[in-house]
Amino acid sequence: MLTCKEFLNSLNEYFDDNAAAEIRALVESHINTCPNCWVILDTTRKTLQIYKGMEPQPLPPGLHDRIMSALDKRK
Amino acid sequence: MHQAETGSLDDLALVHQAKAGDIGAFGELVSRYETRIYRLARNIVALPQDAEDVVQNAFLKAYSKLDSFQENSKFYTWLVRIAVNEALMKLRRRKSSKTVSLDEPIDTGQDELPREIAVWESTPESQYSQTELREILDKAIDDLPPIYRAVFLLRDVDGLSTEETAEALDLSIPAIKSRLLRARLKLRETLTGIFKRKGDDIFAYL
Ligand SMILES: [Zn+2]
C-alpha cells in the first residue's frame, strides 16, 4: 500500500503510456481508499488532457517569409 | 528543389541536402517545425514579439551550425536545444538581474505538496471560449519557472520522450522527471483555482 507521498511520486509513471501494470495497480488501490489523492489524480489527468487538446497558436503572419528571407541573406 | 519533392523526404535527407547548400531543403525543415518551435518559444518567453525573434534566431543559428549537427540525434531535438537556449537568452536580457538557467536548484521543501484539492466542474473547458481558455492555460504556464515550462511543453504538449527531452535540455533523466512532476502538479493547482466546482470548499476534504 502506497503512502500519499509515494502516490505523488508514482504519478508521473502512472501517466506514462508504458507504465508497468504493477504501478497502475498500486496507484489505483491507493486512490480507492484516499479521496484526496483520487481528486489529485483526476484533476492532474484533466490538466494534461486540456493542454494536449489545445490547438497550437497560429504562426504569426509573415514570420515564415521573414525567416526565409533572413536565411537567403545568409547564404 | 520543388516543394513536392522535398515534402516527402525525411529530416535527415533534407539535412544532407541543406548541408550541400540547398536552402530550399532547409526551408522545408523550417515549414515542418516552425509552428512547434513557435509554441515552445511563446510559452517560454511569453511576449509574442520575443517569441518571433527566438524562432527566427533559432532557425538562423541552426542553419549556420548545420555542419556541426552530428546526426546521432533527431534534427528536431537538436533544433529544440538551440531554440530553448535562444529563449533563455532572451529571458536573461529581459530580467538582467536574475539568472535564468535550466538547472536552477529545486527546493526540496513541502511546496510541491498539493494544497488546493477540489473536484472540477465536469467539463470546465467548455465554459470558456478558445481564446479565453488559451489565456488561462498560457497564464498558468507563465507562472512556472522557465525550466518547468520547457519540460512540460516538450513532454506533455509536444510529445517528446523523456530521453529526447533530456537531450534537448541537456539535463539528466531524473532531473526531467522531477521537474515534470512539479510542473504538472503546479499547473493542476493553478487550474484547480479556476476550474473547481462552485460550492465545494476545501474543508470538506480535510
Ligand atoms: Zn493519498
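Since we're looking at a predicted model, the values are computed, not measured.

### A short note on the domain arrangement of chain B
Interface size is commonly expressed as the accessible area that is lost once the parts come together.
Residues and elements named next belong to chain B.
Phase 1 of the analysis: If you check the domain split of chain B, you get domain 1 (3–94) and domain 2 (124–205).
Phase 2 of the analysis: Domain 1 puts 15 residues into the contact, and the matching count from domain 2 is 16 residues.
Phase 3 of the analysis: Between domain 1 and domain 2, a total of about 1400 Å² is buried, with carbon and sulfur atoms accounting for 56% of that surface.
Phase 4 of the analysis: It is Asn43, Thr77 and Arg81 in domain 1 that bury the most area against domain 2; as a group they hold 38% of the surface buried on that side.
Phase 5 of the analysis: The interface formed by domain 1 and domain 2 holds 4 salt bridges in total.
Phase 6 of the analysis: There are 7 residue pairs in polar contact (both at pLDDT 80 or more) connecting domain 1 and domain 2.
Phase 7 of the analysis: Listed by contribution, the elements that provide at least two residues to the side of domain 1 that touches domain 2 are helix H3 (23–45) and helix H5 (75–94).
Phase 8 of the analysis: By residue number, the principal contributor to the side of domain 1 that touches domain 2 is H5, which donates 7 residues.

### Some points on the coordination of the zinc ion
All names here are of chain A.
Phase 1 of the analysis: The protein atoms donating to the zinc ion are Cys4 (SG), His30 (NE2), Cys34 (SG) and Cys37 (SG), with metal-donor distances spanning 2.1 to 2.3 Å.
Phase 2 of the analysis: Spacing between the donor residues of the zinc ion along the chain follows C-x25-H-x3-C-x2-C. Of this pair, Cys4 sits in helix H1 (residues 4–15) while Cys34 sits in the loop between helix H2 (21–33) and helix H3 (35–53), placing them 30 residues apart in sequence.
Phase 3 of the analysis: According to the relative accessible area criterion, Cys34 is buried, its value standing at 14%.

About the thresholds
In this numbering scheme, every chain counts its residues from 1 along its sequence in written order. Labels follow written order: the first chain is A, the first ligand is 1, and so on. Residue-level local features of this predicted model are given only where pLDDT is at least 70; pairs of side-chain atoms are given and counted only at 80 or more, and the full residue set underlies all totals for whole chains, interfaces and linings. With hydrogens and water set aside, each side-chain value is computed from the structure's full complement of heavy atoms. All the domain ranges listed were derived from an automatic or database domain assignment. We call two residues contacting when some pair of their heavy atoms lies within 4.5 Å. When two parts are brought into contact, each loses some accessible area as probed by a 1.4 Å sphere; the total of that loss over both is the buried area. One side-chain nitrogen of Lys or Arg within 4 Å of one carboxyl oxygen of Asp or Glu is enough to make a salt bridge. Pairs of N or O atoms within 3.5 Å make up the polar contacts considered here, provided that, within protein, one atom can donate a hydrogen while the other can accept it, and that residues adjacent in sequence are counted only when both atoms are side-chain atoms. Secondary structure follows DSSP: runs of H or I at least 4 residues long count as helices, runs of E at least 2 residues long count as strands, and numbering of each begins at the N terminus. Donor criterion used throughout: N, O or S atom within 2.8 Å of the metal, extended to 3.2 Å for Na, K and Ca. Water excluded; incomplete-looking sites may result. Burial status follows relative accessibility: with a 1.4 Å probe on protein chains alone, a residue under 20% of its type maximum counts as buried, one over 50% as exposed, and anything between as partly exposed.

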